Amino acid sequence: MLSRCLVSTVLLAGLAGWAISSGEGRAQEVADPHQIYESQCAGCHAPHARELVTETLDMADGVLISRRSGQPVASVLRQGHGGLSETQIDVMVWLLRDIRLSDQTFYRKCATCHVTMRELARTYLRLDAEDQVVGRYTGTDIAAFLPGHGRLAPDEVPEMLAKMRSHLGISD
Ligand code: HEC
Ligand code: HEC
């Protein structure tokens, strides 16, 4: 497994390569790895990398795979899909995997009934006037509702609420 330090070196190398090949010199935007996704992938896929991950990808034995074909994402991209360089592929897989791992609790405890956080947020949730997550139709205070629902441990509640908030921000 790569150390964080090595990963960020690879990341910077990948971004530098991308900046040169895109030839547009948009240095500010290049600093955000999501920018690679937005410029090279979002034209055909969901607007945000997070949605591609939740809608189409899974983890199997620590490897990020396509839910539909079972093929590792790295192999899909190495076939020239999306036109990334070898380094950019490393960066992209790292980014997508990082998103997937950060959603681990949801996949373990909630996905059997709610499929994806995106679906859950769209179907059941909204932000109220004070920016609190509440039930879209029930008006329930979700911070109070979550402990005891879906076997969520108390210390997992803040992380789950933060994810809900970010999904509601994205879909708004
Ligand atoms: C020209 C359109 C296009 C671009 C650009 C593109 N994709 Fe795709 N991608 C597709 C299509 C269509 C599929 C459906 C798979 C198939 O039928 O081969 C797909 C499938 C995938 C899959 C497999 C998921 C599945 O549903 O099986 C992954 C992962 C993926 N793309 C990632 C990316 C990434 C990352 C980028 C950017 C580097 C990218 N794609 C750029 C069109 C595109
Ligand atoms: C066994 C199935 C099941 C699991 C697992 C589950 N839920 Fe639910 N969830 C439901 C059902 C059914 C409802 C709608 C009925 C209700 O309000 O209880 C619901 C409703 C909700 C609501 C909306 C409440 C409202 O007032 O509108 C939220 C938020 C929610 N679930 C979050 C989660 C989270 C987060 C997890 C994982 C920790 C999870 N659920 C796990 C079945 C499940």
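Just so you know, these numbers come straight off a predicted model, no measurement behind them.

Colleague: Is there a simple way to think about the overall build of the protein chain in this case?
Modeller: Within the protein chain, the regular secondary structure consists of 11 helices and 4 strands. Taking all contacts inside the protein chain whose residues are at least 6 apart in sequence as the whole, residues at least 24 apart take part in 48%.

Colleague: Please clarify how the site of ligand 2 should be interpreted in this entry.
Modeller: Around ligand 2, a shell composed of 18 residues is seen, among which C110, C113, G135, T140 and G150 lie nearest. For the shell around ligand 2, the secondary structure elements donating two or more residues are helix 8 (111–114), helix 9 (117–124) and helix 10 (142–145). The element contributing the most residues to the shell around ligand 2 is helix 8, with 3 residues. Residues belonging to the shell around ligand 2 are distributed by class as follows: 10 nonpolar, 7 polar and 1 charged.

Colleague: How should the nonpolar core be read in this particular structure?
Modeller: Counting residues in each nonpolar core, the largest one holds 12 residues, listed as I36, Y37, C41, A49, V53, L64, V73, L77, L84, V91, M92 and L96. Elements supplying a minimum of two residues to this core: helix 3 (34–40), helix 4 (49–56), helix 5 (73–78) and helix 6 (86–102). At 3 residues, helix 6 tops the list of elements feeding residues into this core. In this structure A49 touches H34, Y37, L95, L96 and I99, once residues within four positions along its chain are discounted. Judged by nonpolar contacts, the second largest core, of 8 residues, contains A121, V133, M160 and M164.

Colleague: I keep staring at the environment of G150 and nothing clicks. Help me out?
Modeller: Assignment of secondary structure puts G150 in the loop between helix 10 and helix 11 (157–171). For G150 and F106, which are 44 residues apart along the polypeptide, the C-alpha to C-alpha distance reads 9.7 Å. Excluding residues that lie within four positions of it along the chain, G150 makes contacts with K109 and C110.

Colleague: Before we go on, may I ask you to explain the pairing of strand 2 (residues 63–66) in this structure?
Modeller: Looking down a regular strand, the side chains alternate between one sheet face and the other. As defined by bridge partners, strand 1 (residues 57–60) adjoins strand 2 across 4 bridges and the pair is classed as antiparallel. Bridge pairing links D58 to I65 in strand 2.

Analysis parameters
- Residues numbered from 1 in each chain as written.
- Chains lettered and ligands numbered in written order.
- Predicted model: local features only at pLDDT ≥ 70, side-chain atom pairs only at ≥ 80, totals over all residues.
- Helix = DSSP H or I, 4+ residues; strand = E, 2+ residues; numbered from the N terminus.
- Contact = placed C-beta atoms within 7 Å.
- Near = placed C-beta within 6 Å.
- Nonpolar A, V, L, I, M, F, W, Y, C, P; charged D, E, K, R; others polar.
- Core = buried A, V, L, I, M, F, W, Y, C linked by C-beta atoms within 7 Å.
- Buried ≥ 20, exposed ≤ 12 C-beta atoms within 10 Å, placed from the backbone.
- Pairing = 2+ DSSP bridges.

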